[in-house]
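Structural overview
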Amino acid sequence: MALKDSEWVPVDELTPEPVLVTGQQPSPNTATTTTSKAAQVSKYSAFNVSPKDPQYLDNPNVLFATDKDGNPMPAQKDDGGIDFKEAKEKQDLDGYFKMVTWPVTTNRDGSACTVSPEVYDPKSAGLVGINDGMSTVEKDTNISAGWTINTAFYKYDVPRPDDPTITKIENDADAGLDASGSVYTTKLEPVISGECMPSKDAARPNKVVLYGEDPNNPIVEGQGTNGDDLVKGTDTWGFRLGETVCEVDTGSKQGGSWRIQDTNKLYPSPDSGNKYSGYRRYHAWVTESVSGFGLTSYFSNIGTAYFVSGENVPDASKFSVTVPHTVNGSLPADSVVVFRGEASPVYTAWSSGSLGMTDSRMVVSMKQNAVSGWTSLLTTPANTFQRDAAVGAVPSVTDPTSGLTLDLTKTAATTWTWSLNIPADKFTGYNGDDETQTYTFQVEMVNPMNLRSGPASVERTIDMTPTTLTIDRHDVFQVAGRAYKYVDGDRKIPETKGTMVHVTWPDNTGTDVAVGSHGIWQAVPPEGMKQGDVAVQVLSDDAEGPDAQGRFLGGNQSASVSQELEFRPSTSSLPLTGGWPLSVLKILLLIALGLVGFVACLRNKQENRH
């Protein structure tokens, strides 16, 4: 018999079935000299020789291996030798051969022994020989019942077990390793699992041993390509974390599976164990027990776990929104709403590509409060927040979907200020309702496991619609008109009550009047106003008017509208119609009173004459 894949099998090229030899004679043990002992050995011993050899013609106990037709087996040489080379190569054997005999003992009179027949006659108990259909246990039982009379080796190479593989490291998503052989996990005590080749003998299983990397002696890539590497690199094996049986698994490519938990308690000092923002590399091997040598496989692939905590909620107190406004009734070209803030991600990337996890991502979105859905503005790509970038660096990133660009400035080791320009044309749908021009801006941080922080937000009115003014009356008694906004194209809605309209008189003095109900505004010219143009304009409809020096600070500026101030009264302004100014009425009243007095005096004179 011989080993094949570390399991005993019959040698098909020599004795595929046990050969029964019946000519063995018991030795009388009467020899007293060396010569006589040699003669007894020749006469009473069995030999693997050709029965045609003249030297052994009178020996009834020949073990020459032949087929059923009496022809020598392929590995049986004519001179009695065995061609182990042919036996190994034709059957792809390991190269370890064992010759075993099972003596059948009888009483001196030739009768069968009746005591312990499995010892004296193993054949009667089925304990003779092995065949391919037997289990490993049956083979071992039969081999143990025989006598091993010799062993032989020919290019014997004990095969190592197949290397196991690491396919998963426990994380929240229960996903396998990515293309780089790593996984992000929030678990500091993850379960590492994979595939393996189980033993053919359930009683002597293959076992998987897991190692965690010692940071002071990192695992060497490709370690274990030969036995010497394994021995020389013992300090790079890492810390032994556990052992488990390779269980049969029909769903595994290798036929078996395994799982071992890193309890995070077996890392000796000074290693501090698994911790967030750190990582641990793992590899494993298989130890077999069938051969009795306890051979190990080479090491598996390396699996890396990056330990990821949750992300910090962005600081909304650092948010600001700057809104562009119209100038003389129109938005300046390329106007943008600017959203600014500060980012301090927990995870930052190495720009040099060194081992370590990628950075957290920042997600910016907004929504018009009148509707329910969020609009994505920008998501930063990997390696935006780089830990080894110099303070003062000013990188920028562009979202490929929205086309928006985020400008960054690194202000500290893990802090960046950022600014996002949002084109004004993204703020549409104003219909006169304040909710339709109120927007919420939101920022979230997403850690490398795609777990989001809580959102931080700021609400802002985005009013970029100018007021349109008309002057419907422009005389020395009153200047009046309407104020409204165009929405949805050409629909007009009255301007908000209280909006201030600035009136500039011909002498360059000014008066501010508030818009009343239905968008109507009106102003009375100062007395004695000289002739010329009167102009009206809304400087700001959101309380962001000019400062003390007259500089415009913000708000939507309307286009300026002007008319010439009229001095000829209109028909509606004739006396007693209520249209004349009060000063004119006073003069007329005095004239009337004078006439009344004059008439009274004349009447008194006439009465005195009589």
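Residues numbered from 1 in each chain as written. Predicted model: local features only at pLDDT ≥ 70, side-chain atom pairs only at ≥ 80, totals over all residues. Heavy atoms only, no water.

Notes on the overall build of the protein chain
Note the threshold: The way it works is that DSSP assigns letters per residue, a run of H or I at least four long becomes a helix, a run of E at least two long becomes a strand, and they are numbered from the N terminus. For every residue, the accessible area obtained with a 1.4 Å probe (protein chains only) is divided by the maximum for its type, and the residue is called buried under 20%, exposed over 50%, and partly exposed between those limits. In what follows, a contact means two residues having at least one pair of non-hydrogen atoms within 4.5 Å. In these tables, accessible area is a Shrake-Rupley quantity obtained with a 1.4 Å probe, and a residue counts as shielded only by the protein chains included in the view.
Along the backbone of the protein chain there are six helices and 30 strands. Within the protein chain, buried positions represent 39% of all 610 residues. Pairs at least 24 residues apart make up 62% of the contacts formed inside the protein chain by residues separated by at least 6 positions. Taken as a whole, the protein chain presents about 33200 Å² of accessible surface, with 52% of it coming from carbon and sulfur.

Concerning the confidence of the model for the protein chain
To be explicit about the condition: The pLDDT value expresses, per residue, how confident the predictor is, ranging between 0 and 100.
Residues at a pLDDT of 70 or more form 84% of the protein chain, whose mean pLDDT is 85. The element-level mean pLDDT for the protein chain is lowest in helix α6 (residues 582–609), coming to 53, with strand β20 (residues 415–423) highest at 98. For the stretch residues 606–610, pLDDT sits under 50, and the model shows zero contacts to residues farther than four places along the chain or on other chains.

Digging into the pairing of strand β11 (residues 256–261)
Definition in use: Whether two strands pair comes down to DSSP finding at least two bridges between them.
A one-sided burial pattern is seen for β11, the buried positions being Gly256, Trp258 and Ile260 and the unburied ones Ser257, Arg259 and Gln261. Sheet analysis places strand β7 (residues 191–196) next to β11, joined by six bridges and oriented antiparallel. Bridging across to β11, cysteine 196 finds its partner in glycine 256. Pairing of strand β10 (residues 247–248) with β11, which is carried by two bridges, proceeds in the antiparallel orientation. Bridging across to β11, valine 248 finds its partner in glycine 256.

Some thoughts on helix α4 (residues 136–145)
This is how it is decided: Each direction from the helix axis to a C-beta atom contributes to the arc, which is the arc of those directions.
Along α4, the residues that are buried comprise Thr136, Lys139, Asn142 and Ile143. Looking straight down α4, one finds that the buried residues subtend no more than 130° of arc, so they occupy a single side. Buried residues along α4 sit against β2 (7–9) and β3 (96–101).

Digging into the side chain of lysine 88
Threshold: Here the positive residues are Lys and Arg and the negative ones are Asp and Glu; neither His nor the chain ends is included. Here, a salt bridge means any side-chain nitrogen of Lys or Arg that lies within 4 Å of a carboxyl oxygen of Asp or Glu. Polar contacts, as used here, are pairs of N or O atoms within 3.5 Å; protein pairs need one atom able to donate a hydrogen and one able to accept it. Residues neighboring in sequence count only if both atoms are side-chain atoms.
You can see lysine 88 is positioned in helix α2 (residues 84–91). At 6.1 Å, aspartate 92 is the nearest oppositely charged side chain to lysine 88, a buried residue that forms no salt bridge. Among the polar contacts made by the side chain of lysine 88, one reaches the main-chain carbonyl oxygen of aspartate 94 at a distance of 3.1 Å. Reaching out from lysine 88, the side chain makes a polar contact with the backbone oxygen of lysine 155 at a distance of 3.4 Å. The residues touching lysine 88, leaving out its near neighbours within four places in the chain, are Leu93, Asp94, Gly95, Phe97, Tyr154 and Lys155.

Brief notes about the environment of tryptophan 285
Residue placement: tryptophan 285 occurs in strand β12 (residues 279–287). A C-alpha to C-alpha distance of 8.6 Å links tryptophan 285 and tyrosine 211, two positions 74 residues apart in sequence.

Let's talk about the sheet that holds strand β16 (residues 361–368)
In a beta sheet, neighbouring strands pair by backbone hydrogen bonds and run either parallel or antiparallel. Heads up, the rule is: In this description, a line fitted to the C-alpha atoms serves as the axis of each element, helices being fitted only across the stretch in contact, and the angle between N-to-C directions of two axes falls anywhere from 0 to 180 degrees.
Taken in spatial order, the four strands of this open sheet run β17-β16-β21-β22, and their pairing is antiparallel. Looking at which strands have only one partner, the edges of the open sheet turn out to be β17 (375–379) and β22 (456–461). Between one strand axis and the next, the sheet turns through 20° on average, direction left out of account. The sheet contact formed by β16 and strand β21 (residues 438–446) spans eight bridges and is antiparallel.

With respect to the pattern of salt bridges
On inspection of all chains with the given rule, the structure shows 17 salt bridges. A salt bridge links lysine 207 to glutamate 243, with the shortest nitrogen-to-oxygen separation between them at 3.7 Å. Of this pair, lysine 207 sits in strand β8 (residues 207–212) while glutamate 243 sits in strand β9 (residues 239–245), placing them 36 residues apart in sequence. The class of lysine 207 is partly exposed, set by a relative accessible area of 32%. Residue classification places glutamate 243 among the partly exposed positions, given a relative accessible area of 41%.

Concerning the nonpolar core
The cut-off we apply is this: Grouping buried Ala, Val, Leu, Ile, Met, Phe, Trp, Tyr and Cys residues that are joined through side-chain atoms within 4.5 Å yields what is termed a nonpolar core.
Core analysis: the biggest nonpolar cluster contains 29 residues, and Phe339, Met362, Trp418, Phe427, Phe441 and Ile462 have the highest contact counts within it. Breaking this core down by element, the ones donating at least two residues are β15 (336–343), β16, β17, β19 (405–412), β20 and β21. Once residues within four sequence positions are removed from consideration, tryptophan 418 is found in contact with Phe319, Phe339, Arg340, Gly341, Glu342, Ala343, Met362, Leu406, Asp407, Leu408 and Val443.

Brief notes about the state of the cysteines
A disulfide bridge is the covalent bond that connects two cysteines by way of their sulfur atoms. Filter applied, for reference: Pairs of cysteine sulfur atoms within 2.5 Å are identified as disulfides in what follows.
Going through the model one piece at a time under the given rule, you end up with one disulfide. Two residues, cysteine 196 and cysteine 246, share a disulfide whose sulfurs are 2.0 Å apart. Taking the sign of the S-S torsion, 105° for the link of cysteine 196 and cysteine 246, the bridge is right-handed. With cysteine 196 in strand β7 and cysteine 246 in the loop between β9 and β10, the pair connects residues that are 50 residues apart, well separated along the chain. The residues cysteine 196 and cysteine 246 share a single accessibility class, namely buried.

Focus: the sheet that holds β12
With mixed pairing, the five strands of this open sheet are ordered in space as β6-β13-β12-β8-β9. In the strand order of this sheet, the two ends are held by β6 (182–185) and β9, each with one partner. The sheet shows a mean angle of 25° between the axes of neighbouring strands, direction not considered. Of the strand pairs in this sheet, β6 and strand β13 (residues 303–307) are connected by four bridges, and their pairing is parallel. The residue bridging tyrosine 184 from the neighbouring strand is tyrosine 306, located in β13.

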